[in-house]
Amino acid sequence: MSRATSVDNDALLRQHGLHVTAQRLAVLRAVSDRPHSTAEDIYNVVRAEIGAISHQAVYDALAALTDKGLFRRIQPAGSSARYENRVGDNHHHLVCRTCSRMVDIDCAVGDTPCLTASDDSGYEIDEAEVTYWGRCPDCVAATSISSGG
Ligand SMILES: [Zn+2]
Ligand SMILES: [Zn+2]
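The text that follows walks through the structure, step by step, so that each part is easy to find. (Residues numbered from 1 in each chain as written. Chains lettered and ligands numbered in written order. Predicted model: local features only at pLDDT ≥ 70, side-chain atom pairs only at ≥ 80, totals over all residues. Heavy atoms only, no water.)

**Some details on the sheet that holds strand 3 (residues 82-84)**
Part 1 of the argument: Taken in spatial order, the three strands line up as 1-3-2 in an open sheet, and their pairing is antiparallel. The open sheet has two free edges, formed respectively by strand 1 (37-38) and strand 2 (72-74), since each of these has just one partner strand.
Part 2 of the argument: Across two bridges, strand 1 lies against strand 3 in antiparallel orientation. Bridging across to strand 3, S37 finds its partner in Y83. (Pairing = 2+ DSSP bridges. Helix = DSSP H or I, 4+ residues; strand = E, 2+ residues; numbered from the N terminus.)

And the structure:
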């Protein structure tokens, strides 16, 4: 999925009614390159790429892009908010308790079955937020090495 040239990103911003700025383009690129980054991570990437930018400018760009539906904001319990550009498919996340690494995980069966609640109490449901917690393979391996014996 590497169709994101800078021309596409220009068009993407305009389609969503956003002015094209160097900051927004850089933020868009940073998030598509490393999904599930925190605002701080994105700030560091963008600053390395385009030089002077304030934290506030990065937060503003993230808020505008999230607001327009270009980014999804995920905030697992006890973690900073993360941003990704994979939106609209109701996918879930798997989070490592040890190193906080987050990966995408599709719905367990078929197409968004978790939107079909067994009892919706009359609500019109449009999103199911599921976070799986555990330990990533690296952290499992590190533990078995250090405690190995
Ligand atoms: Zn881990
Ligand atoms: Zn994701």
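Still more to cover.
**Overview of the coordination of the zinc ion (ligand 2)**
Part 1 of the argument: Distances from the zinc ion (ligand 2) to its protein donors, H36 (NE2), E84 (OE), H91 (NE2), H93 (NE2) and D104 (OD), fall at 1.8 to 2.3 Å.
Part 2 of the argument: In primary-sequence terms, the residues that donate to the zinc ion (ligand 2) follow H-x47-E-x6-H-x1-H-x10-D. The burial state of E84 is the same as that of H93; both residues are buried. (Donors = N, O, S within 2.8 Å, 3.2 Å for Na, K, Ca; no water. Buried < 20%, exposed > 50% of the residue type's maximum accessible area, 1.4 Å probe, protein only.)

**Some points on the pattern of salt bridges**
Part 1 of the argument: Using the criterion set out here, one finds six salt bridges in the structure.
Part 2 of the argument: A salt bridge links R72 to E84, with the shortest nitrogen-to-oxygen separation between them at 3.7 Å. Here R72, found in strand 2, pairs with E84, found in strand 3; they are 12 residues apart in sequence, far enough to count as distant.
Part 3 of the argument: On the basis of relative accessibility, which here comes to 15%, the residue R72 falls in the buried class.
Part 4 of the argument: A residue is classified by how much of its surface remains accessible, and E84, at 0% relative accessible area, is buried.
Part 5 of the argument: Put simply, R86, D89, D104 and D106 are held in one network by salt bridges that share partners. (Salt bridge = Lys/Arg side-chain N within 4 Å of Asp/Glu carboxyl O.)

**Some thoughts on the coordination of the zinc ion (ligand 1)**
Part 1 of the argument: Ligation of the zinc ion (ligand 1) by protein atoms is provided by C96 (SG), C99 (SG), C136 (SG) and C139 (SG), these donors lying 2.2 to 2.3 Å from the ion.
Part 2 of the argument: Its four donor atoms give the zinc ion (ligand 1) angles of 105 to 112 degrees at the centre, a pattern that matches the tetrahedral case.
Part 3 of the argument: As a motif over one chain, the donors of the zinc ion (ligand 1) read C-x2-C-x36-C-x2-C. Here the two residues C136 and C139 agree in accessibility, since each one is buried. (Tetrahedral: all angles 85-135°; square planar, octahedral: opposite > 155°, others 65-115°.)

**A look at helix 2 (residues 22-33)**
Part 1 of the argument: Spanning 12 residues, helix 2 covers 16 Å between terminal C-alpha atoms, matching the ideal 16 Å at 1.5 Å per step.
Part 2 of the argument: Considered for burial, the residues of helix 2 that qualify are R24, L25, A26, V27, L28, A30 and V31. (Expected span 1.5 Å × (residues − 1).)

**Some details on the side chain of R72**
Part 1 of the argument: There is a polar contact of 2.9 Å between the side chain of R72 and the backbone oxygen of H91.
Part 2 of the argument: In contact with R72, other than residues within four places in its own chain, are R82, Y83, E84, R86, V87, D89, N90, H91 and H93. (Polar contact = N/O pair within 3.5 Å; in protein donor to acceptor, adjacent residues only side chain to side chain. Contact = heavy atoms within 4.5 Å.)

**Things to note about the packing of helix 2 against helix 3 (residues 39-50)**
Part 1 of the argument: Look at helix 2 against helix 3: their axes get within 9 Å of each other, and the N-to-C directions meet at 125 degrees. Our classification of the angle between helix 2 and helix 3 gives oblique. Here helix 2 and helix 3 pass one another in a crossing that is right-handed. Here helix 2 contributes A22, Q23, A26, V27, R29, A30 and V31 to the contact with helix 3, which in turn contributes I42, V45, V46, E49 and I50.
Part 2 of the argument: A per-class count over the contact of helix 2 with helix 3 returns nine nonpolar, one polar and two charged. (Axes fitted to C-alpha atoms, helices over the stretch in contact; angles between N-to-C directions. Parallel < 35°, antiparallel > 145°, perpendicular 65-115°, else oblique. Left-handed = near helix turned anticlockwise from the far one by under 90°. Nonpolar A, V, L, I, M, F, W, Y, C, P; charged D, E, K, R; others polar.)

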